[in-house]
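So you can see what is in the structure, the chains are spelled out below.
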Amino acid sequence: TTYYKWTGHPETTPTAGFSTYSTPVQPSQDGLRDLWYYSIDNYTNQEQTKVLEFKIDTQHPLSTVTAPADDSYITSGTTYTVTGTATDVSPGSKVVSVDVSPDGGTNWYAATNTGTDFSLWEYIWTLPGNGTYTIKSRATDEAGNIETPGVGNSVTIDMTPPTVVSVDPLNGSVGVANAANVYA
């Protein structure tokens, strides 16, 4: 029969509170955990208690696009630097990558780490044509947990300058007030 006990890390060898192993076991908390175990055979011979150290991480990391802001406009340039933040709330874990999707989650591209463990990141976006786009981010931690992206930030690219469609008074008019109206 095998007995086991999960504890925090580090901890001295426990002497009580072991459970009988009968099905796969899981720790109850994220972080550094120790799995203590020993077996007793049919002749009551007991092996020495052993320990395995585990880093448990079941929580997804979080990322946020900080620029461009939601509902903003880009009116010039051929590229735009998308920036953001990321964090992993699981004790002892860290973010190892951030991906950015400038098209609402269809295509994903690797961001560059500009902080510690992607606490700050950036992605150089080659601007497509005029239109409205949704920029999303997703982080991955060292345990392989991948964030489910949120709704993202909506941005409108409008590189077309306005066109004057009428001027009042008309060019060459005489005897008009000291004002003019331009309509775009």
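Per chain, residues are indexed from 1 in the order of the written sequence. Side-chain atom pairs in this predicted model are given and counted only at pLDDT of 80 or more, local residue features only at pLDDT of at least 70, and totals for whole chains, interfaces and linings cover all residues. With hydrogens and water stripped out, all remaining heavy atoms of the structure feed into the side-chain values.

Chemist: So what about the environment of Lys94? Which residues, and what values?
Modeler: By the criteria applied, helices consist of DSSP H or I runs no shorter than four residues and strands consist of E runs no shorter than two, each listed in order from the N terminus. With respect to the secondary-structure elements, Lys94 resides in the loop between strand S7 (79-87) and strand S8 (95-101). Note on definitions: a residue-residue contact is assigned when non-hydrogen atoms from the two residues lie within 4.5 Å. When neighbours within four sequence positions are excluded, Lys94 is seen to be in contact with Asp88, Asp117, Asp141 and Glu142.

Chemist: Go over the nonpolar core, please, and point to the residues and values.
Modeler: The definition of a nonpolar core used throughout is a set of buried Ala, Val, Leu, Ile, Met, Phe, Trp, Tyr and Cys residues joined through side-chain atoms within 4.5 Å. For every residue, the accessible area obtained with a 1.4 Å probe (protein chains only) is divided by the maximum for its type, and the residue is called buried under 20%, exposed over 50%, and partly exposed between those limits. Ranked by size, the top nonpolar core spans 18 residues in total, and within it Val82, Ala86, Val98, Val100, Trp121, Trp125 and Ile135 carry the most contacts. Among the elements of the structure, S7, S8, strand S11 (120-126), strand S12 (131-141) and strand S13 (153-157) are those that each provide at least two residues to this core. With sequence-adjacent residues up to four places away left out, Val98 is seen in contact with Ala86, Tyr109, Ala110, Ala111, Phe118, Trp121, Ser137, Arg138 and Ala139.

Chemist: Describe the packing of aromatic side chains, and please don't skip the residues or the numbers.
Modeler: Only Phe, Tyr and Trp rings are paired, with Trp represented by its six-membered ring, and only when their centres lie within 6.5 Å; those with planes under 30 degrees apart are stacked, over 60 edge-to-face, the remainder tilted. In this structure the tally under the stated criterion is five aromatic pairs. On the basis of an interplanar angle of 25 degrees and a centroid distance of 5.2 Å, the ring pair of Tyr3 and Tyr38 is categorised as stacked. Placement of the pair is Tyr3 in strand S1 (residues 2-8) and Tyr38 in strand S3 (residues 31-39), with a sequence separation of 35 residues. Classification of Tyr3 as partly exposed rests on a relative accessible area of 21%. A relative accessible area of 12% means that Tyr38 is categorised as buried. In this structure an aromatic cluster arises from ring pairing among Tyr3, Phe18 and Tyr38. As a reminder, the over-ring test applies to NZ of lysine and CZ of arginine, requiring each to be within 6 Å of the ring centre and within 35 degrees of the ring normal. Here the guanidinium or amino end of Arg138 rests over the ring plane of Trp108, the centre of that ring lying 4.1 Å away.

Chemist: Got a sec to walk through the sheet that holds S7? Specific residues and values, please.
Modeler: An order of S5-S7-S11-S10 is seen for the four strands of this open sheet, with the pairing classed as antiparallel. On the outer flanks of this sheet lie strand S5 (62-67) and strand S10 (112-113), each paired with one strand and no other. The sheet contact formed by S10 and S11 spans two bridges and is antiparallel. Looking across to S11, one finds that Asn113 is bridged to Trp121. Paired strands, as defined in this entry, are two strands with at least two bridges between them according to DSSP.

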